[in-house]
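# Geometric and topological summary
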Amino acid sequence: MTRELVVTEVGPRALVVDRGRPGWAHIGVPPAGALDGPAHALAQRLVGNPPEAAGLEILLGGLALRATEATTVALTGPPGGLVVRTGAASA
């Protein structure tokens, strides 16, 4: 089985982000990337991903995910809430 995170609810702002594209402004490419670059980099290190891996940036809460297998996650940045439910999913 492929490891997946299934989105079951989306809050007002959930983004897939990476380190962005710094250094390309001279040809019109904005730097973009994670709003909190150091928090994104820390999360990647904590879960063992390469620095260029994408992550989720969740602003204003409301995101609900279901993992198809045991999964390691890191919550970084400003204080926020996280609820983890284990066991079989209910229908």
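For clarity, every value in this text was computed on a predicted model and none was experimentally measured.

Rules used in this analysis
- Residues numbered from 1 in each chain as written.
- Predicted model: local features only at pLDDT ≥ 70, side-chain atom pairs only at ≥ 80, totals over all residues.
- Heavy atoms only, no water.
- Helix = DSSP H or I, 4+ residues; strand = E, 2+ residues; numbered from the N terminus.
- Buried < 20%, exposed > 50% of the residue type's maximum accessible area, 1.4 Å probe, protein only.
- Contact = heavy atoms within 4.5 Å.
- Areas by Shrake-Rupley, 256 points an atom, 1.4 Å probe, with all protein chains shown as cover.
- Lys, Arg positive; Asp, Glu negative; His and termini not counted.
- Charge placed at Lys NZ, Arg CZ, Asp CG, Glu CD.

### With respect to the overall build of the protein chain
Helix and strand counts for the protein chain stand at one helix and four strands. If you list the helices and strands of the protein chain from N to C, you get β-β-α-β-β. Its C-alpha atoms put the protein chain at 50 × 25 × 25 Å along the principal axes. When the 91 residues of the protein chain are sorted by exposure, 12% land in the buried category. Intrachain contacts of the protein chain at a sequence separation of at least 6 include 68% that bridge at least 24 residues. Accessible area for the protein chain stands at about 7200 Å²; split by element, carbon and sulfur atoms hold 58% of it. Both charge centroids of the protein chain, one from 7 positive and one from 7 negative side chains, sit 2 Å from each other.

### Examining the side chain of Q44
Locating Q44 in the fold gives a position in helix α1 (residues 37-47). Given a relative accessible area of 4%, Q44 falls into the buried group. Here Q44 is in contact with N49, P50, P51, A53, A54 and G55, once residues within four sequence places are set aside.

### Some details on unusual backbone geometry
Not every positive phi belongs to a glycine, and A32 is a case in point at roughly 45°. Phi is positive for L60, close to 70°, though the residue is something other than glycine. Locating L60 in the fold gives a position in the loop between β3 (55-59) and β4 (64-67).

These figures capture arrangement, not role.
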